Amino acid sequence: MDKVRIGVLASGRGSNLQAIIDAINAGTITAQLAVVISNKVNAYALERARRHGIADIFLDPASVADQPNPREAYDRKIFEVLKSYQVELVLLAGYMRIVTPILIQAYPWRIMNIHPSLLPAFPGLQAQKQALDWGVKITGCTVHFVTEGVDEGPIIVQAAVPVVEGDTVETLSERILAHEHQIYPLAVQWYVEGRLRIEGRCVRITQKP
Ligand code: GRF
């Protein structure tokens, strides 16, 4: 059977991308990484893709800036690339743009995101800082399907991470990141095994076939 083909959208250092690459190489994700796309020319995620012989594509948002709806025009370009690489599952990994309905409708329930909080707490930017400022004792990370509301889609898997005395945004982010690198590959493999069933806004994980 053909392997599921994955496309990753990333804007930055790409440590979650690396976790996916490592899991594929280790055989814990039985899929193929077809392409990595970035909106940032210098994103280290692109370098990671190159090092592993994975197609890396920089799509310049400025190239569509003069279009009537630049965000949608940009997502149409992304879709063209994903289609040309026959991507089935799209992973956002530190992707700092809001995905428009163009992409969401092209990939229904086939776009995942990782977020550094226990959603629905602390959506949006600087989730770790939000958690520290609120004074929560436990935060974490969430893998969810992407829908039109930012960080609102059905939750696939979460990991809880304690906040400890003296934590800074950096120390807390690092502790959360280690868990991100575990749960993202897990969610992807569940998808690959066809084990994710969406019921309303809940994701059920079915038994391994
Ligand atoms: C992670 O904390 C992720 O949860 C958030 O952005 C960060 C990306 O880190 N969406 P990296 O680029 O995967 O290292």
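Please read all numbers here as calculations on a predicted model, not as lab measurements. (Residues numbered from 1 in each chain as written. Predicted model: local features only at pLDDT ≥ 70, side-chain atom pairs only at ≥ 80, totals over all residues. Heavy atoms only, no water.)

Looking at the domain arrangement of the chain
Interface size is commonly expressed as the accessible surface area that is lost when the partners come together. Taken as a whole, the chain is organised into domain 1 (1-108) and domain 2 (113-209). Computed over C-alpha atoms, the centres of domain 1 and domain 2 are 20 Å apart. With 22 residues of domain 1 at the contact, the number on the domain 2 side is 16 residues. Together, the buried faces of domain 1 and domain 2 total about 1,600 Å²; carbon and sulfur atoms form 68% of this surface. For domain 1, the biggest contributors to the area lost against domain 2 are Asn 16, Leu 92 and Ile 104; these three give 30% of the whole. Our enumeration of links across domain 1 and domain 2 arrives at 0 salt bridges. At the junction of domain 1 with domain 2, the criterion picks out 5 residue pairs in polar contact (both at pLDDT 80 or more). Taken together, the elements giving at least two residues each to the side of domain 1 that touches domain 2 come down to β1 (4-9), α1 (15-26), β4 (89-92) and α4 (101-106). In terms of residue count, α1 provides more of the side of domain 1 that touches domain 2 than any other element does, 5 residues in total. Tallied by class, the residues present in the side of domain 1 that touches domain 2 amount to 15 nonpolar, 5 polar and 2 charged. (Domains from an automatic or database assignment. Contact = heavy atoms within 4.5 Å. Buried area = accessible area lost by both parts, 1.4 Å probe. Salt bridge = Lys/Arg side-chain N within 4 Å of Asp/Glu carboxyl O. Polar contact = N/O pair within 3.5 Å; in protein donor to acceptor, adjacent residues only side chain to side chain. Helix = DSSP H or I, 4+ residues; strand = E, 2+ residues; numbered from the N terminus. Nonpolar A, V, L, I, M, F, W, Y, C, P; charged D, E, K, R; others polar.)

Examining the site of the ligand
Close to the ligand lie Arg 13, Gly 14, Ser 15, Asn 16, Gly 94, Ile 114, His 115, Pro 116 and Glu 180, which account for all nearby residues. Contact between the ligand and Arg 13: an oxygen atom at 2.5 Å from a side-chain N or O atom of the residue. Between the ligand and Glu 180, the relevant distance is 2.8 Å, taken from an oxygen atom to a side-chain nitrogen or oxygen of the residue. Summarising the interface, the protein chains cover 87% of the accessible area of the ligand, which totals 370 Å² for the free molecule. Contributing elements (two or more residues each) for the shell around the ligand: α1 and β5 (111-115). Partitioned by chemical class, the residues of the shell around the ligand number 2 nonpolar, 5 polar and 2 charged. Both domain 1 (1-108) and domain 2 (113-209) contribute no fewer than three residues apiece to the shell around the ligand. (Near = heavy atom within 4 Å. Areas by Shrake-Rupley, 256 points an atom, 1.4 Å probe, with all protein chains shown as cover.)

Looking at the state of the cysteines
Under the criterion given, the structure shown has 0 disulfides. Here Cys 141 stays free of any disulfide, with the sulfur of Cys 202 as its closest cysteine sulfur at 19 Å. For Cys 141, a relative accessible area of 0% gives the class buried. The class for Cys 202 is partly exposed, based on a relative accessible area of 35%. (Disulfide = S-S within 2.5 Å. Buried < 20%, exposed > 50% of the residue type's maximum accessible area, 1.4 Å probe, protein only.)

Observations concerning the pairing of strand β6 (residues 138-145)
Counting buried positions along β6 gives 7 out of 8 residues, so the element sits mostly inside the fold. Relative to β6, β5 runs antiparallel, the two sharing 4 bridges. Within the sheet, the bridge partner assigned to Asn 113 lies in β6 and is His 144. Bridge analysis of β6 against strand β7 (residues 155-162) gives 7 bridges, and the strand direction is antiparallel. Directly across from Cys 141, in β7, lies its bridge partner Ala 159. (Pairing = 2+ DSSP bridges.)

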